[in-house]
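# A structural walkthrough
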Amino acid sequence: MSSHDASSRVRPKDLYPWASSELLDECSCLLSTRAVREHKGELCSYDHRAFARRHDDDIAVLPCTLGEPVCGDERANDGVPFFYFYQVVFKTIGVRLPFSWFEKELLTEINVAPAQLYPNSWAFVKAFDILFGFLGCAPSVDLFLHFFEVKRQRHNLWVTLSNVPGRVLFTPFQSSFTGWKGRFFKICCTDLVPDALDGFPLYWVREEKVLKAKPLKNLAPSDQIACRILAEAGGFDSATVISLEFNAGTLEKYICKNHCLRQLRPSLLSNCACLSSWCL
């Protein structure tokens, strides 16, 4: 690189003057197509926690470039829209792309980009989605935000979803996550799913938006019924629920044996006033 090129390069601090040094220093070490291939693994031993096989051609998962901060925007990608996503959320928690409508709507409601959520927070989202799949109902963002509240760290850092005191629906996936920072990919659309990036913030959101839990009285009647039932049956281990996503029989044994949802499940479905908005 010539001295002219070096002097003309725009520094991340100049592009994102609002960002703290911690955000500007948070850059990915996944810088090659080899890193993406290694993440996926061999086709003969395909791991659903890498990417769902059917989504490999639907979503473009790309390596980052050297010195690209997690708070970057389309200026870091020649003007092409994208978002960052941490490898651990794929590998350990099993979130897959493209996002479901529930995941998109939740990101929009809490006003954060996908990379802005702590891994434990993504585990709550994933476990909630799996639980409602077991119940045969579509997950509700309002209901989710009755059990969880949003907490921001100082200086526009990562966002945490926490159990509302007295309403522990899921225990945290891990007591703490380590080794996840500095390992994220860049996610873009393909022609097969042109709307995969629609409907939620793509880039780091600067505005403070601390959301307290939604009161029961403010929810739809069907969600109020579900909240009462789930509050009685709560205390699920999120790591166990996520590990049993593709083992329906064991998942049913775990939920029904430990949380009496065998009786509550038909009640939940039969008492919902608006089944059209619930059932898949």
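Please refer to the structure placed before this passage.
Residues numbered from 1 in each chain as written. Predicted model: local features only at pLDDT ≥ 70, side-chain atom pairs only at ≥ 80, totals over all residues. Heavy atoms only, no water.

## A look at the overall build of the protein
- Helix and strand content of the protein: 12 helices and seven strands.
- Counting all 280 residues of the protein, 50% fall into the buried class.
- By element, 52% of the accessible surface of the protein is carried by carbon and sulfur atoms, the whole surface being about 13400 Å². (Helix = DSSP H or I, 4+ residues; strand = E, 2+ residues; numbered from the N terminus. Buried < 20%, exposed > 50% of the residue type's maximum accessible area, 1.4 Å probe, protein only. Areas by Shrake-Rupley, 256 points an atom, 1.4 Å probe, with all protein chains shown as cover.)

## Points about the pairing of strand β3 (residues 148-152)
- When you tally the buried positions in β3, you get four out of five residues, the bulk of the element.
- Pairing of β3 with strand β4 (residues 159-163) involves five bridges; the strand directions are antiparallel. Bridged to V150 within β4 is L161. (Pairing = 2+ DSSP bridges.)

## Some remarks on the environment of E103
- Take E103: it is sitting in helix α6 (residues 101-110).
- Taking the relative accessible area as the measure of exposure, E103 reaches 7% and is therefore buried.
- Considering only alpha carbons, one finds E103 and P114, 11 residues apart in sequence, at a separation of 9.4 Å.
- Once residues within four sequence positions are removed from consideration, E103 is found in contact with V95, R96, W122, V125 and D129. (Contact = heavy atoms within 4.5 Å.)

## Some points on the packing of aromatic side chains
- Applying the stated criterion across every chain yields a total of 25 aromatic pairs.
- Taken together, a centroid distance of 4.9 Å and an interplanar angle of 75° make the contact between Y86 and W180 edge-to-face. Separated by 94 residues along the polypeptide, Y86 in strand β2 (residues 83-86) and W180 in the loop between β5 (170-171) and β6 (184-189) bring together distant segments of the chain. The exposure classification of Y86 matches that of W180, with both residues buried.
- With centroids separated by 4.6 Å and ring planes inclined at 25°, the aromatic side chains of F144 and F148 adopt a geometry described as stacked. Assigned by exposure class, F144 and F148 land together as buried.
- Three or more aromatic residues joined by ring pairs form one cluster here, namely F82, Y84, Y86, Y118, W158, W180, F184, Y203 and W204. (Phe/Tyr/Trp six-rings, centres within 6.5 Å; stacked < 30°, edge-to-face > 60°.)

## Examining the nonpolar core
- By size, the foremost hydrophobic cluster in this structure holds 85 residues, and its most contacted members are W122, F144 and F170.
- Of all the elements, helix α7 (residues 119-135) adds the most residues to this core, at 11 residues.
- Sequence-distant contacts of F170, that is, excluding residues within four places in its chain, are made with F124, A127, F128, L131, F148, N163, F236, S238 and V241. (Core = buried A, V, L, I, M, F, W, Y, C linked by side-chain atoms within 4.5 Å.)

## A closer look at unusual backbone geometry
- A cis amide bond links L97 with the next residue in sequence, P98, at an omega value of -5°.
- Tracing the backbone through its elements, the reader meets P98 in the loop between α5 (87-91) and α6.
- A positive phi angle is found at D78, which is not glycine, with a value near 55°.
- Locating D78 in the fold gives a position in the loop between β1 (59-62) and β2.
- With a phi close to 60°, N111 is a non-glycine residue in the positive phi region.

## What about helix α4 (residues 33-40)?
- Those residues of α4 lying buried are A35, V36 and H39. All buried residues of α4 project into a common sector of 100° when viewed along the axis, lining one side. Opposite the buried face of α4, at more than 90 degrees from it, the exposed residues are T33, R34, R37 and E38.
- Each element contacted by the buried residues of α4 is listed here: β1, α5 and β6.
- Of the residues trailing α4, G41 is marked for its positive phi of about 80°. (Arc of directions from axis to C-beta.)

## Some points on the environment of V112
- Within the secondary structure, V112 is located in the loop between α6 and α7.
- In sequence terms V112 and F200 are 88 residues apart; their C-alpha atoms lie 7.8 Å from each other.
- In this structure V112 touches L107, L117, R152, V159, P201 and V205, once residues within four positions along its chain are discounted.

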